Amino acid sequence: MTPGVKATLRHTVAPADCADAIGSGGVRVLSTPHLIALMERAAMAAAAPHLLPGETTVGTRVEVEHLEACPPGVEVVAEAKLREVDGRRLRFDVAVTAGERVLGRGRHERFVVERERFLTRLKEKWPADGGPPTGRL
Ligand SMILES: CC(C)(COP(=O)(O)OP(=O)(O)OC[C@H]1O[C@@H](n2cnc3c(N)ncnc32)[C@H](O)[C@@H]1OP(=O)(O)O)[C@@H](O)C(=O)NCCC(=O)NCCS
């Protein structure tokens, strides 16, 4: 995994991606959580070809500006470029654009994990019996 690896993905904004649909806002425009999800998907895609078998990445940090509103029906492009590798920590520059417009940009960090080890630790921390409450948020 070396700095410079990147990935781009295209997505047409759907009503279900909008703030009024998920309660993160009261207007029908691309929600900030979905903007971030597109950035995460691009970063995950950039890293994926460079992982060992059994490895995956998990998102650990997001620092993003949401700069411009975008209605449903618009095709947007999410881009992620690896800026720095610090052990298992991968730091990406991320952006979502629509044509010339920069809808959002920022930095995103992912952590390379061995999937099975990650799931084993998860089970240890959240045992099925007597674990933390499973109620609603
Ligand atoms: C990423 C995360 C596992 C790091 O956990 P952590 O507690 O900081 O890690 P630890 O201190 O236990 O790590 C100790 C060592 O094990 C390594 N490690 C931890 N989990 C690992 C895993 N599953 N696979 C491989 N190595 C792992 C670390 O690199 C570290 O190695 P080092 O001593 O050489 O630096 C944790 O912050 C996390 O689970 N965050 C939430 C991620 C998430 O759920 N995202 C949303 C879904 S994508």
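Located above this text is the structure these notes cover.
The paragraphs below set out a description of the structure included in this document. (Residues numbered from 1 in each chain as written. Predicted model: local features only at pLDDT ≥ 70, side-chain atom pairs only at ≥ 80, totals over all residues.)

### Details of the overall build of the protein
Next, step 1: In terms of helices and strands, the protein carries three helices and five strands.
Next, step 2: Order of helices (α) and strands (β) in the protein, N terminus to C terminus: β-α-α-β-β-β-β-α.
Next, step 3: Overall size of the protein, expressed as C-alpha extent along the three principal axes, is 45 × 40 × 20 Å.
Next, step 4: Here the analysis covers contacts within the protein between residues at least 6 apart in sequence; of these, 66% occur between residues at least 24 apart. (Helix = DSSP H or I, 4+ residues; strand = E, 2+ residues; numbered from the N terminus. Contact = placed C-beta atoms within 7 Å.)

### Some details on the site of the ligand
Next, step 1: Near the ligand the following residues occur: V58, G59, T60, G87, R88, F111, V113, E114, R117 and F118.
Next, step 2: A class-by-class count of the residues in the shell around the ligand yields four nonpolar, three polar and three charged. (Near = placed C-beta within 6 Å. Nonpolar A, V, L, I, M, F, W, Y, C, P; charged D, E, K, R; others polar.)

### Side note on helix α2 (residues 32-47)
Next, step 1: Spanning 16 residues, α2 covers 23 Å between terminal C-alpha atoms, matching the ideal 22 Å at 1.5 Å per step.
Next, step 2: Of the residues making up α2, those classed as buried are H34, L35, I36, L38, M39, E40, A42, A43, M44, A46 and A47.
Next, step 3: The secondary structure elements touched by the buried residues of α2 are β1 (6-12), β2 (55-66), β3 (75-86), β4 (89-98) and β5 (101-114). (Expected span 1.5 Å × (residues − 1). Buried ≥ 20, exposed ≤ 12 C-beta atoms within 10 Å, placed from the backbone.)

### Quick notes on the environment of V13
Next, step 1: Tracing the backbone through its elements, the reader meets V13 in the loop between β1 and α1 (19-22).
Next, step 2: Given 23 C-beta atoms within a 10 Å radius, V13 is considered buried.
Next, step 3: Spatially, the C-alpha atoms of V13 and P72 are 4.7 Å apart, while their sequence positions differ by 59 residues.
Next, step 4: The contact partners of V13, leaving out residues within four places of it in the chain, are L30, C70, P71, P72, G73, V74 and V76.

### Description of the nonpolar core
Next, step 1: Counting 24 residues, the largest nonpolar core has M39, A42, A43 and V96 as its most contacted members.
Next, step 2: Secondary-structure elements contributing two or more residues to this core are α2, β3 and β4.
Next, step 3: Broken down by element, this core gets its largest block of residues, nine residues, from α2.
Next, step 4: With residues up to four places along the chain from it excluded, the contact list for M39 reads V64, A78, A80, V94, V96 and H108. (Core = buried A, V, L, I, M, F, W, Y, C linked by C-beta atoms within 7 Å.)

### Description of the environment of G26
Next, step 1: With respect to the helices and strands, the residue G26 is situated in the loop between α1 and α2.
Next, step 2: Sequence-wise, G26 and R115 are 89 residues apart; in three dimensions their C-alpha atoms are separated by 37 Å.

### As for the sheet that holds β2
Next, step 1: The five strands lie next to each other as β1-β3-β4-β5-β2, forming an open sheet whose pairing is antiparallel. Edge positions in the sheet fall to β1 and β2, since each has one partner strand and no second. Here the average twist between neighbouring strands, direction ignored, is 25°.
Next, step 2: Sheet analysis places β3 next to β4, joined by nine bridges and oriented antiparallel. Its bridge partner being in β4, D86 is matched across the sheet by R89. (Pairing = 2+ DSSP bridges. Axes fitted to C-alpha atoms, helices over the stretch in contact; angles between N-to-C directions.)

### Quick word on the environment of A16
Next, step 1: Here A16 is to be found in the loop between β1 and α1.
Next, step 2: For the pair A16 and E79, spaced 63 residues apart in sequence, the C-alpha separation works out to 21 Å.

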